[in-house]
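# A closer look at the structure
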Amino acid sequence: MKNLILLLSLPILFCTCNQAFTGSNYTSKKFHYKTLAILPFEIHTSVKNLPEGVTISMLENAERRKSIVMQRDLFRYITRELAKSSRKVKFQDVNDTNNIFKKKGMDPKKIFNTPKKELAKILKVDAVIFGSVYQYKNKLNLDKEKEVTFSGMNNKISTVLYAYEKKRGRIQWKYDGSQSGFPSEYGPDVVKGLLRKAARTFPL
């Protein structure tokens, strides 16, 4: 995982409550009768300084756990939207997706570095959804279990999602959204809110 992003690039990524998606999302039938899989998210965390006792490995472990949480959240939100839709779009269960990767010996780094069309072939689906999350955190701490936690105000999170088709790996759908200026304890709710918006814009 790519952990520490240059702080100078962050202003470009973030703006409060901004979102964008293709105008054809609501009428497109490109995923009609297709099966898709949601991949684990790639998370990029930026902080000014790593506090004493916090290592890159600890940060990567925290990101890896959140990666799966976000994957499951998006799957849950999209399947809820799918239940309201008449479109015949199917989503592979995330447990099946992750078990296939595990059997193939694919760790997160290998998943992120593999072309998306190849991942679709491995998972035997028509397309895959891949998400990147960029988060700026003011402070990092260690809890009693030596796990990395976040604290402080004025945090920022931006997420970008793409759907790649299997044949040529072309992008067939994109969503991006961001929010800033919130305290760390609201971070999980902010991410869930962005993923809910993404699920509502997906062309089911």
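These notes cover the structure that comes with them.

Cut-offs and rules
- Residues numbered from 1 in each chain as written.
- Predicted model: local features only at pLDDT ≥ 70, side-chain atom pairs only at ≥ 80, totals over all residues.
- Heavy atoms only, no water.
- Core = buried A, V, L, I, M, F, W, Y, C linked by side-chain atoms within 4.5 Å.
- Buried < 20%, exposed > 50% of the residue type's maximum accessible area, 1.4 Å probe, protein only.
- Helix = DSSP H or I, 4+ residues; strand = E, 2+ residues; numbered from the N terminus.
- Phe/Tyr/Trp six-rings, centres within 6.5 Å; stacked < 30°, edge-to-face > 60°.
- Contact = heavy atoms within 4.5 Å.
- Salt bridge = Lys/Arg side-chain N within 4 Å of Asp/Glu carboxyl O.

## Side note on the nonpolar core
For soluble globular proteins, nonpolar side chains are generally found buried alongside one another. Core analysis: the biggest nonpolar cluster contains 31 residues, and F91, I129, W173 and F202 have the highest contact counts within it. Every element with two or more residues in this core is listed here: β2 (35-38), α2 (56-83), β5 (127-136), β8 (155-165), β9 (171-182) and α6 (187-201). Listed in part, the 13 residues of the second largest apolar core include M106, F112, V125 and V128.

## Re the pairing of strand β3 (residues 42-46)
Among the 5 residues that make up β3, 5 are buried, leaving the element largely enclosed by the rest of the structure. Residues E42, H44 and S46 line one face of β3 and the alternating positions I43 and T45 line the opposite face, and both faces are buried.

## Quick look at the packing of aromatic side chains
Summed over all chains, the structure comprises 5 aromatic pairs. Ring centres of Y162 and Y164 lie 5.9 Å apart, and the angle between their planes is 45 degrees; on these two criteria the pair is classed as tilted. Judged by relative accessible area, Y162 falls into the partly exposed class, the value being 23%. Since its relative accessible area comes to 14%, Y164 is described here as buried. Judged by centre distance (4.8 Å) and plane angle (80 degrees), the ring pair of W173 and F202 falls under edge-to-face. In this pair, W173 is assigned in strand β9 and F202 in the segment after α6, connecting sequence segments 29 residues apart.

## Thoughts on the side chain of N98
Counting through the fold element by element, N98 comes out in helix α3 (residues 94-103). Residue classification places N98 among the buried positions, given a relative accessible area of 16%. When near neighbours in sequence (up to four residues on either side) are disregarded, N98 contacts P40, I68, Q71 and R72.

## Re the pattern of salt bridges
A full pass over the atoms with the stated rule returns 3 salt bridges. D73 is the salt-bridge partner of R76, the closest N and O atoms lying 2.8 Å from each other. With R76 and D73 both in helix α2 and 3 residues apart, this pair spans about one turn of that helix. Here E118 and K121 are joined by a salt bridge, their closest N and O atoms 3.8 Å apart. Taken together, the residues E118 and K121, both in helix α5 (residues 116-123) and 3 residues apart, mark about one turn of the helix. Owing to a relative accessible area of 31%, E118 belongs among the partly exposed residues under this scheme. Overall, K121 belongs to the partly exposed group, its relative accessible area being 44%.

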